[in-house]
2 protein chains.
Amino acid sequence: MFTGLSAFPLTPLNASGIDEAAFVRLVERLVAAGVDSIGALGSTGNYAYLSVAERARVAQLAVQYAGDTPVMVGIGAVRTRDVLTLAEDAQQAGASAVMLAPVSYQRLSPEEVYGLFEDVTRALSVPLCVYDNPGTTNFTFSDELHGEIAHLPNVASIKIPGVPNDPAEAKARVARLRALIPVHVTIGVSGDAFAALGLNAGCEVWYSAIGGTFPKTMLAITRAAQAGDAEEATRLVERLRPLWQLFSETGGSLRVTAAAAELQGLVESPCLPRPLKAVDGEARQRLAALIDELALA
Amino acid sequence: MFTGLSAFPLTPLNASGIDEAAFVRLVERLVAAGVDSIGALGSTGNYAYLSVAERARVAQLAVQYAGDTPVMVGIGAVRTRDVLTLAEDAQQAGASAVMLAPVSYQRLSPEEVYGLFEDVTRALSVPLCVYDNPGTTNFTFSDELHGEIAHLPNVASIKIPGVPNDPAEAKARVARLRALIPVHVTIGVSGDAFAALGLNAGCEVWYSAIGGTFPKTMLAITRAAQAGDAEEATRLVERLRPLWQLFSETGGSLRVTAAAAELQGLVESPCLPRPLKAVDGEARQRLAALIDELALA
């Protein structure tokens, strides 16, 4: 399941808590579009903002409405105890895989991160994706640490935060990591602007934030790269440059993706947990225009 | 209550969860030493690793055993909803004040941080200390934002992460911030190595991690500075230089403070929540020697 397009839906909120109906609609949209897997409760799914009980419920809904599409569930938390509970809940819900970032309050040492993955992989009965996201975890993986963790039982994929902008350098970066991990572990690119660069450089999967809201557009990019048409994949990603520009101006993909879903009427507004705020004002107007111009919807 | 030495006890764990007996002993030690206030559930008290229910219980114990010593309770969480619950729990427990850091998973914008403090201060009936800790929150306050937040109702103190190493620059830094905040809001230094620099530069309070475990030594520093003996305060802090060195080598004060409390038999070992690990090996041996040499105990 760790190939192709893995699409990460929002976990939308409304006045009464989790907007379950809207979440189910997002999941059904992804299934209808034909994504290869669904990443529920990723950063786009606001896992870090939800209680253990809320996360168990979202995992259940995702699996229930995903049908035959495999669901990966984010189980990150600052405390190992909670990660183990979340892993158990995800497995009970029927998740096909789990995803774990070394979420921190106190910055973690490499030994502590290795210890976390050791404790968690030992308890799993489904595959795990190592989620490398220095922007939110404050932890930077070395390739050597990735290599050590990738050899733990049940590790099946690594979600990397992006690749260098130069295609040759991107290839070299993926090759360096590949040399340190077992052959059965895939590498997935994230940071949506890097999709074509990553896929063309040999990543087997694109873990996509915006793909959770606009799956068809992102599937076209994925399929082009999978077919070996690097040029077309690059062209389709470059077409969306104004969107990536908006991501980088507004602190990442989440606040833009949330606003896009709100503008499309897919979720209520506001759908993010406070203190987070979807983009507003001029940036939101630009986004609305972009959704039309780029025919994202 | 936002003056002098505010000491931050660990929240020690053992095999069954929170080691309540050990926590109560730490609190009683602080009261006996005569600290000016107790900062329960600070970073040293591992607030970010505990559930809402665990935090309510720790707040109750702190207030119950602190007697007449005022207790400030950390209420930080990534979600505003949870911060409001924690504030209510702290107030119900009888806390004299609360402390709030803009804890994040997604890096926060200044507008989001202001919105968080606006939402929370509006709901409070006790004073609030703004907790500025970029190392754990990934958020850097500008002095201007501090100024705006300090004018919100119930804000009574700002805990800053340290001051420049040069005494004149430290004074200028505190003066710059002072010029932007109301006169009733005090400024407290943290980062224990900066205690004398901060107090000598005009900070009214030292928010101390190590003071939660070795209150007498840290009170001597505080009292010297309060008496206007800047030189003696500086000498007493410089005497502890090998300890500050160990802090910076091991990712901050927490893993050293936890090891020190374990070595002293004040708490069980391990007392930190996994994946965090107290310092071990050679560093732990150096720490044991330092506790003796510096007569910290």
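Residues numbered from 1 in each chain as written. Chains lettered and ligands numbered in written order. Predicted model: local features only at pLDDT ≥ 70, side-chain atom pairs only at ≥ 80, totals over all residues. Heavy atoms only, no water.

How we decide: UniProt positions are given in the numbering used here, feature names are shortened, and annotations may be inferred rather than shown by experiment.
As recorded in an unreviewed UniProt entry, chain A goes by 4-hydroxy-tetrahydrodipicolinate synthase and comes from Franzmannia pantelleriensis. According to the UniProt record, the Sequence similarities (unreviewed entry) comment for chain A reads "Belongs to the DapA family."

### A closer look at the relation of the copies chain A and chain B
Definition in use: A least-squares superposition brings the copies together, and it is based on the C-alpha atoms of residues with pLDDT no lower than 70 in both. Only heavy atoms matter for contacts: two residues are in contact if any of them lie within 4.5 Å across the pair.
Of the two same-sequence chains, chain A is brought onto chain B (RMSD 0.0 Å, axial shift 0.0 Å) by a rotation of 180°. Taken together, the turn and the small shift mark the pair as related by a two-fold rotation axis. By C-alpha distance to the rotation axis, the residue of chain A lying nearest is N138 of chain A, at 3.8 Å. In this assembly, 100% of the residues forming the interface of chain A have copies in chain B that are likewise at the interface, indicating an isologous arrangement.

### Some points on the UniProt feature "binding site: pyruvate" (unreviewed entry) in chain A
Here is the rule: Each helix corresponds to a stretch of at least 4 residues labelled H or I by DSSP, and each strand to a stretch of at least 2 residues labelled E; elements are numbered beginning at the N terminus.
When the UniProt feature table is mapped to this numbering, "binding site: pyruvate" (unreviewed entry) covers T44 of chain A. Relative to the elements of secondary structure, T44 of chain A occurs in the loop between β4 (37-40) and α2 (52-66).

### A closer look at the pattern of salt bridges
Inclusion rule: The salt bridge definition used is simple: a Lys or Arg side-chain nitrogen within 4 Å of an Asp or Glu carboxyl oxygen.
Considering all chains together, one arrives at 30 salt bridges over all chains under this definition. As a salt-bridge pair, D82 of chain A and R81 of chain A come within 3.3 Å of each other at their nearest N and O atoms. In this structure, the salt-bridge partner of E204 of chain B is R178 of chain B, at a minimum N-O distance of 2.8 Å. Here R178 of chain B lies in helix α7 (residues 167-178) and E204 of chain B lies in the loop between α8 (195-200) and β10 (205-208), a separation of 26 residues in the sequence.

### Side note on helix α10 (residues 230-239) of chain A
Residue and element names in this part refer to chain A. Using the following cut-off: The buried label goes to any residue with under 20% of its type's maximum accessible area, the exposed label to any with over 50%, and the partly exposed label to all in between, with areas taken from a 1.4 Å probe on protein chains only. Directions drawn from the helix axis to the C-beta atoms are what define this arc.
Listed in full, the buried residues belonging to α10 are A233, L236 and V237. Down the axis of α10, the sector holding all buried residues measures 95°, keeping them to one side. Those residues of α10 that are buried lie in contact with α8 (195-200), α9 (215-226) and α11 (241-249).

### Some thoughts on the sheet that holds strand β6 (residues 97-100) of chain A
All names here are of chain A. The condition that has to hold: The criterion for strand pairing is that DSSP finds at least two bridges linking the strands in question. Orientation is described by lines fitted to C-alpha atoms, with helices fitted over the stretch in contact, and by angles between N-to-C directions that extend from 0 to 180 degrees.
As summarised here, the arrangement of the 8 strands in space is β1-β4-β5-β6-β7-β8-β9-β10, forming a closed barrel in which the pairing is parallel. Taken pair by pair, the neighbouring strands of this sheet meet at an average axis angle of 25°, ignoring direction. In the sheet, strand β5 (residues 71-74) pairs with β6 via 3 bridges, with the strands oriented parallel. Following the sheet pairing, V73 is matched in β6 by V98. Helix α4 (residues 110-122) rests against β6, β7 (128-131) and β8 (155-160) of the sheet, and its axis sits at about 165° to β7. Across the sheet, helix α7 (residues 167-178) is in contact with β8 and β9 (186-189); its angle to β9 comes to roughly 145°.

### Digging into the side chain of N138 of chain B
Along the chain, N138 of chain B falls in the loop between α5 (134-137) and α6 (143-150). On the accessibility criterion, N138 of chain B (16% relative accessible area) is buried.

### Some details on the side chain of S6 of chain A
Residue and element names in this part refer to chain A. We count it as follows: Throughout this description, a polar contact denotes any pair of N or O atoms lying within 3.5 Å of each other; where both atoms belong to protein, one of them has to be capable of donating a hydrogen while the other can accept it, and for residues adjacent in sequence the pair is counted only when both atoms sit in side chains.
Residue placement: S6 occurs in strand β1 (residues 4-7). Polar contacts involving the side chain of S6 include one to the side chain of S37, which spans 2.9 Å. Not counting chain neighbours up to four residues away, the residues in contact with S6 comprise S37, I38, G39, M72, V205, W206, Y207 and S208.

### Description of the pairing of β1 of chain A
Here β1 of chain A pairs with strand β10 (residues 205-208) of chain A via 4 bridges, running parallel. Along β10 of chain A, the bridge assignment pairs S6 of chain A with Y207 of chain A.

### With respect to the packing of α4 of chain A against helix α6 (residues 143-150) of chain A
Residue and element names in this part refer to chain A. Rules: Any angle that falls under 35 degrees is termed roughly parallel, while one over 145 is termed roughly antiparallel, one within 65 to 115 roughly perpendicular, and all others oblique. Each crossing gets its hand from how the near helix is turned against the far one by less than a right angle, where anticlockwise is left-handed and clockwise is right-handed. Gly is put with the polar residues, along with every residue not named as nonpolar or charged; the nonpolar set is Ala, Val, Leu, Ile, Met, Phe, Trp, Tyr, Cys and Pro, and the charged set is Asp, Glu, Lys and Arg.
Relative orientation of the contacting elements α4 and α6 amounts to 20°, with a least axis distance of 10 Å. Taken together, the axes of α4 and α6 lie roughly parallel to each other. Considering how the two elements wind past one another, α4 and α6 form a crossing that is right-handed. Touching P110, V113, Y114 and F117 of α4 are L145, E148 and I149, all from α6. Its residues placed into classes, the contact of α4 with α6 shows 6 nonpolar, no polar and 1 charged.

### Some points on the packing of aromatic side chains
Residue and element names in this part refer to chain A. What counts, and what does not: Ring pairs are drawn from Phe, Tyr and Trp, using the six-membered ring of Trp, whenever the two centres fall within 6.5 Å, and their geometry is named by plane angle: stacked under 30 degrees, edge-to-face over 60, tilted for the rest. The criterion for a charge sitting over a ring is simple: Lys NZ or Arg CZ within 6 Å of the ring centre, and within 35 degrees of the ring normal.
Across all of its chains, the model carries 12 aromatic pairs over all chains by this definition. Seen from their ring centres, F117 and F141 are 6.4 Å apart, and the 65° between their planes marks the pair as edge-to-face. Here F117 is found in helix α4, whereas its partner F141 is found in the loop between α5 (134-137) and α6, with 24 residues between them in sequence. Of the two residues, F117 and F141, neither departs from the other in class, the shared state being buried. With centroids separated by 5.5 Å and ring planes inclined at 65°, the aromatic side chains of W244 and F247 adopt a geometry described as edge-to-face. You can see W244 and its partner F247 sitting in helix α11, 3 residues apart, about one turn around the helix. When sorted by exposure, W244 lands in the same class as F247, which is buried. The lysine or arginine in question, K159, covers the ring of F8, its NZ or CZ lying 5.7 Å from the ring centre.

### Quick word on the sheet that holds strand β6 (residues 97-100) of chain B
All names here are of chain B. The 8 strands are arranged β1-β4-β5-β6-β7-β8-β9-β10 in a closed barrel whose pairing can be described as parallel. Neighbour-to-neighbour, the strand axes of this sheet turn through a mean angle of 25°, independent of strand direction. In the packing of α7 onto the sheet, the strands contacted are β8 (155-160) and β9 (186-189), and the crossing angle to β9 comes to about 145°.

### Thoughts on the UniProt feature "active site" (unreviewed entry) in chain A
Per the UniProt record, "active site" (unreviewed entry) is annotated on Y131 and K159 of chain A. A maximum C-alpha distance of 4.9 Å is found for the annotated residues, which run over 29 residues; spatially they form one tight group. Residue placement: Y131 of chain A occurs in strand β7. You can call Y131 of chain A buried: its relative accessible area is 3%. For Y131 of chain A, the residues in contact, after removing those within four places along its chain, are S43, Y47, M99, L100, A101, P102, F141 and K159 of chain A together with Y105 of chain B. Side-chain polar atoms of Y131 of chain A contact the side chain of S43 of chain A, separated by 2.6 Å. Counting through the fold element by element, K159 of chain A comes out in strand β8.

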